[in-house]
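What the coordinates show
Chain by chain, the residues:
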Amino acid sequence: MIKPVADQTKATKSKPDAKDDLKTLPLPEVEKKLESSPDGLSQAQAKKRLTEYGPNEIEEKKTNPFLKFLTYFWGPIPWMIEAAVILSGVVRHWPDFFIILLLLVTNAVVAFWEESAAGNAITALKAKLATKTQVKRDGKWITPPARELVPGDVIQLRLGDIVPADARLLDGDPMSVDQSALTGESLPAKCNPGDAVFSGSIVRRGESSALVYATGANTYFGKTAQLVQKAQTVSHFQKAVLKIGNYLILLALALVTLIITVAISRGDPILTTLQFALVLTVAAIPVAMPTVLSVTMAVGARLLSKKKAIVSRLVAIEELAGVDVLCADKTGTLTQNKLTLGDPFSVNNIPADEIILNGALASRAENNDTIDLAVLDGLKDKDSLKAYEVVHFTPFDPVHKRTEASVKAKDGKTFKVTKGAPQVILALSTNAGQVKSAVEKAVNEFATRGFRSLGVARAEGDGKWQFLGVLPLFDPPREDAKATIASAAKMGVNIKMLTGDALAIAQETAKKLDMGANILDAGSLGDSEKQETSEVSDSIENADGFAQVFPEHKFHIVDVLQKHGHIVGMTGDGVNDAPALKKADCGIAVSGATDAARAAASIVLTTPGLSVIIDAIKESRRIFQRMNSYAIYRIAETLRVLLFMTLSILFFNFYPVTAVMIVMLALLNDGAILSIAYDNVHYRDKPEAWDMRLVLGISTVLGVIGVVSAFGLFYLGERVFHLDRAHIQTLMYLKLSVAGHLTIFLTRTRGPFWSIRPARILWIAVLGTQVVATLIAVYGLFMTPLGWGWALFVWGYALAWFVVNDRVKLLAYRLLLPPQSKQRSPLKST
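Residues numbered from 1 in each chain as written. Predicted model: local features only at pLDDT ≥ 70, side-chain atom pairs only at ≥ 80, totals over all residues. Heavy atoms only, no water.

1. Brief notes about the pairing of strand β11 (residues 208-214)
The element β11 is extensively covered by neighbouring structure, given that 7 of its 7 residues are classed as buried. Two strands pair when backbone bridges link them, and strand β5 (residues 154-157) and β11 are joined in this way by 4 bridges, in the antiparallel orientation. Its bridge partner lying in β11, Gln156 is registered against Ser209. Of the strand pairs in this sheet, strand β6 (residues 166-169) and β11 are connected by 4 bridges, and their pairing is antiparallel. Among the inter-strand pairings, Ala167 is bridged to a residue of β11, identified as Val212. (Buried < 20%, exposed > 50% of the residue type's maximum accessible area, 1.4 Å probe, protein only. Helix = DSSP H or I, 4+ residues; strand = E, 2+ residues; numbered from the N terminus. Pairing = 2+ DSSP bridges.)

Structure below.
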């Protein structure tokens, strides 16, 4: 449950100091500090404390939606577009004014909608809290909303309840509490009277009253939520767009300033010069670039959804393509989060099936105990239990540390069976002297492999206990986990395991999954609040996994890896994973994850297993290829128009295209290029990253060659065919439009333009817009008519240069790509 900050009541003036540590103090002292008792509070006391402490909710920092929307009009690219809008209004060029204003608002709306739809991690965390709970007020049990709980309240907890606040158990039987969503531990915790239970955990066995000592943001659950709020990252995609935008803007400003300076020195009309410079600037600014890239990612998100991966934050697609380290939560992600029976150790050659049968008779399914269920599932013949009648059953308790059952067979014979801690069962057994050393050796071997051991013994009639053997229990890996890890390694992604389990369990899991043996104890790593030494930092980077991990450790591990230059992915399924999922460059919530994990993540998997992650990585790398192709295209086209215009004005004192022509070029080209979001591309077998040296290098080469071809046509038109300047402007408009759109077929591949067949929608869109551009030039809409003969000549000229440009592009890639990149990064289509 979440409330906006604005809704908060008075500050929490009477909260117990953290140093009081109400989690561990003796219960009488806790009751004294909270001014409470096992009889609970009165309604008057509760109402007063609710005002003092605030509701039992997680604080959510709300941002005014309108102010948030306005932030999308702030930044280098928006500033330039806004300046263009204002100048268009000043010179009363209303078509430009409305077109540019429409593009500006469209970009802001798309960006705002994308972020609003991403899902709020804090909002989803509330779903884990109970909505109502039993509370003792004025000596009577009532069921108010859980948000009304206050420190000092006495609550009742039963099987299946979600604990609504941090509390200390008062009386009743020992309880089994599932804290896996909070701590990552696969086994339920055994809690006795006096022990603390945490908000958001689930009661798996037992019943007890409890004294609430912390609510809302002061709970263990609330502190996890605060970590989620603190985790904010700027995507590499946003940084790349900013770099490209800044490059084009600075270049445009420099060239436009040069044009204005020369025009003024020549005595050209100031108003005409400013208007032309304005339109040229708008053409240079990548107005539609954020929109085109966002649409490309949105289309990619739909493709990923078909592969059972739901994208909640669009920029995560680009981040996933670049992930080189994937931090995978063990419990429920790499493993099944389900205890499984291993091969038993037997004494005196007793058959394994007999040991399992006796252990199963000492178990009870209706208790819903994780260990009992694992032993029962280990039976090969489920019907074998029908031959026996359990006369009396004694459940597990922390004092005796074992279960016991009195059993009657079909033939009327009676016997007793017991299972529990091996040392306890050995102490009962009369044959302990003969088997103790072998049993202890087996238990130690199981422990080194991360298995939990159960001793099993049997007594015939009223006879003595005889030790039968040891049952090992473990959380098995998912069936597809090993193959997924191997596939990820081939694609350049290093998997690191994170778990709240003990070091031995982590090492055994890593061994089974071929992940490497360098597993570190997270307790020695420090946290994100202090600067770790370079040795600790390096050990985090070099580790294969981490054991005994808490939420702050996961957050810290991701933070350190990011500081080392890695693009970090994080998979998880529990509340304890939420902060790291939010902090990671790409957080991935696996199938069956809690609402908190799903909302904190950027990508949510809807099918079990990790294999879908490999499909998602492949698809994200294809999407990255599309975005990279568009970025090179956009820069090359901007350079082509800017340089051609600038050089024409400086050396020939001639405006080769009009302001209206530039606006139409921008509209037709950026409109059709949206179809690149559906293009056919191949993924690479290594993480993707924005290589600005390569992007700017290839686009500059293509841009400069485009300028050369443009001046070639200009020379033919003026010096060879002796066309007048009005016809030359139309000729150049059509050439810039046709050749410009053909450029996308060059930038979409690193090999020859025919190496990857373009998607039908792409070439239809390009052909369609160029038919429109040709008709405009032939019949002279807003320009001098050119006629079909000259239009066909321009098409032939552009196609000839297209072939030349493709060979130049291949040469540029050979010069700019490092040799190892060519060898290690083949493109793959499957």
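2. Structural notes on the sheet that holds strand β22 (residues 519-521)
Through backbone hydrogen bonds, the strands of a sheet pair up, either in parallel or in antiparallel fashion. Read across the open sheet, the 8 strands follow the order β12-β26-β25-β24-β13-β21-β23-β22; overall the sheet is mixed. The sheet is open, and its two edges are formed by β12 (309-311) and β22, each paired on a single side. Neighbour-to-neighbour, the strand axes of this sheet turn through a mean angle of 20 degrees, independent of strand direction. Both β12 and strand β26 (residues 603-605) contribute to a ladder of 3 bridges, which runs antiparallel. Bridging across to β26, Val311 finds its partner in Ile603. (Axes fitted to C-alpha atoms, helices over the stretch in contact; angles between N-to-C directions.)

3. Some words on helix α12 (residues 315-322)
Judged by how many residues are buried, α12 sits mostly within the fold: 8 of 8 residues are covered. Regarding α12, the residues found buried are Val315, Ala316, Ile317, Glu318, Glu319, Leu320, Ala321 and Gly322.

4. Comments concerning the pattern of salt bridges
Across all of its chains, the model carries 21 salt bridges by this definition. Glu619 is the partner of Arg626 in a salt bridge, and the nearest nitrogen-oxygen pair spans 4.0 Å. Note on accessibility: Arg626 and Glu619 belong to one class, buried. (Salt bridge = Lys/Arg side-chain N within 4 Å of Asp/Glu carboxyl O.)

5. Thoughts on helix α17 (residues 432-448)
Over its 17 residues, α17 extends 23 Å from the first C-alpha to the last, a length consistent with the 24 Å expected when each residue adds 1.5 Å. For α17, the complete set of buried residues consists of Ala432, Val435, Val439, Ala442 and Phe446. Elements in contact with the buried residues of α17: β15 (345-346), α16 (422-428), β19 (452-460) and β20 (466-474). At the exit of α17 stands Gly450, carrying a positive phi of roughly 85 degrees. (Expected span 1.5 Å × (residues − 1). Contact = heavy atoms within 4.5 Å.)

6. Some details on the packing of aromatic side chains
Inspection of every chain in the model, using the stated rule, returns 18 aromatic pairs. Relative to Tyr633, the ring of Tyr630 has its centre 6.1 Å away and its plane inclined at 45 degrees; by these criteria the two rings are tilted. Placement of both Tyr630 and Tyr633 in helix α24 (residues 611-652) is noted, with a separation of 3 residues, approximately one turn of the helix. Across this residue pair, the class does not change: Tyr630 and Tyr633 are buried. (Phe/Tyr/Trp six-rings, centres within 6.5 Å; stacked < 30°, edge-to-face > 60°.)

7. Description of the packing of α24 against helix α26 (residues 692-720)
Close contact between α24 and α26 brings their axes to 7 Å; oriented N to C, the two are set at 40 degrees. Taken together, the axes of α24 and α26 are oblique relative to one another. Relative to α26, α24 is oriented so that their crossing is right-handed. When grouped by side-chain class, the residues that make up the contact of α24 with α26 number 17 nonpolar, 6 polar and 1 charged. (Parallel < 35°, antiparallel > 145°, perpendicular 65-115°, else oblique. Left-handed = near helix turned anticlockwise from the far one by under 90°. Nonpolar A, V, L, I, M, F, W, Y, C, P; charged D, E, K, R; others polar.)

8. Points about the sheet that holds strand β10 (residues 202-205)
The strand order across the open sheet built from 3 strands is β8-β7-β10, with neighbouring strands paired in antiparallel fashion. Edge strands, defined here as strands with exactly one partner in the open sheet, are β8 (189-191) and β10. Within this sheet the neighbouring strands show an average axis-to-axis angle of 40 degrees, counted without direction. The pairing of strand β7 (residues 175-178) with β8 spans 3 bridges and is antiparallel. In the sheet register, Val177 faces β8, and the bridge partner there is Ala189.

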